[in-house]
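# A closer look at the structure
So you can see what is in the structure, the chains are spelled out below.
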Amino acid sequence: MNRKTPVKQPPNAVTEPEMIQEEIMPFVLRHEDQIVNYIKEKAIKETMKSLAPLLEKLEEAVKQQEAAPVPAATTPAEVPSMNYEEQLKKLQEASTAKLRQKEIKIVDRMNKLNARFGNIRP
């Protein structure tokens, strides 16, 4: 009982690297600056969205602090509360640090993307 089973041949489909090379890469290369700028703008918008509630809370805290006078009898052991400028400066430093982290992530992603594109180019 010798039965020959037909060997299944995979269809000759376009592989992903070929598709990227022929269809996507020319578009990416033509619009590389626009793509990078778009990614940066999206990251900045998202950062600002995440910082907006913090800024509102900070402004509300400052208003409450100004509305409620601090008792004059404070002991020297107590830590003096920060004024508005110090709070704003700390918030700006924190937001700058977060923005730098997001920019680093974007640069890292772009480098990985460029490396993938570099591996695809002939």
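Residues numbered from 1 in each chain as written. Predicted model: local features only at pLDDT ≥ 70, side-chain atom pairs only at ≥ 80, totals over all residues. Heavy atoms only, no water.

Secondary structure assignment for the protein chain yields three helices and zero strands. Secondary structure elements of the protein chain, listed N to C terminal, follow the sequence α-α-α. In the protein chain, once contacts between residues fewer than 6 apart in sequence are set aside, the share between residues at least 24 apart is 81%. Surface accessibility of the protein chain: about 11000 Å² in total, with carbon and sulfur atoms responsible for 57%. (Helix = DSSP H or I, 4+ residues; strand = E, 2+ residues; numbered from the N terminus. Contact = heavy atoms within 4.5 Å. Areas by Shrake-Rupley, 256 points an atom, 1.4 Å probe, with all protein chains shown as cover.)

What follows deals with the packing of helix α2 (residues 32–67) against helix α3 (residues 84–120). One way to put it is that α2 packs onto α3 with a least axis distance of 10 Å and a crossing angle of 160°. In terms of axis orientation, α2 runs roughly antiparallel to α3. The chirality of how α2 crosses α3 is right-handed. Of the residues that constitute the contact of α2 with α3, the class distribution is 15 nonpolar, five polar and four charged. (Axes fitted to C-alpha atoms, helices over the stretch in contact; angles between N-to-C directions. Parallel < 35°, antiparallel > 145°, perpendicular 65-115°, else oblique. Left-handed = near helix turned anticlockwise from the far one by under 90°. Nonpolar A, V, L, I, M, F, W, Y, C, P; charged D, E, K, R; others polar.)

Note that Ile120 resides in helix α3. Taking the C-alpha atoms as reference points, Ile120 and Met25, separated by 95 residues in sequence, lie 8.9 Å from one another.

Moving on to α2. In an α-helix there are 3.6 residues to a turn, and that puts residues three or four apart on one side. Across its 36 residues, α2 extends 52 Å between first and last C-alpha, which sits within 8% of the 52 Å expected from 1.5 Å per residue. For α2, the principal kink sits at Leu51 and spans about 30°; a proline, Pro53, occurs within the next four residues. Looking at α2, one finds that the buried residues are Ala43, Thr47, Leu51, Leu58 and Val62. (Expected span 1.5 Å × (residues − 1). Bend = angle between axes of the 7 residues up to and from the residue. Buried < 20%, exposed > 50% of the residue type's maximum accessible area, 1.4 Å probe, protein only.)

Before going further, it helps to examine the pattern of salt bridges. The tally for this structure, following the rule as stated, stands at two salt bridges. One salt bridge in this structure joins Lys49 and Glu46, with 3.6 Å as the shortest N-O distance. Of this pair, Lys49 and Glu46 are both found in helix α2, three residues apart, which corresponds to roughly one turn of the helix. A relative accessible area of 56% means that Lys49 is categorised as exposed. Using a relative accessible area of 38% as the deciding quantity, one classes Glu46 as partly exposed. With a shortest N-O distance of 3.6 Å, Asp108 and Lys112 are connected by a salt bridge. (Salt bridge = Lys/Arg side-chain N within 4 Å of Asp/Glu carboxyl O.)

With 37 residues, α3 extends 53 Å between its outermost C-alpha atoms, agreeing within 8% with the 54 Å of an ideal straight helix rising 1.5 Å per residue. Within α3 the residues assigned to the buried category are Gln87, Leu91, Ser95, Ile106, Met110 and Phe117.

Let us look at the environment of Glu59. For Glu59, the position within the fold is in helix α2. With relative accessibility at 37%, the residue Glu59 sits in the partly exposed group. The sequence separation of Glu59 and Tyr84 amounts to 25 residues, and the corresponding C-alpha distance is 8.7 Å.

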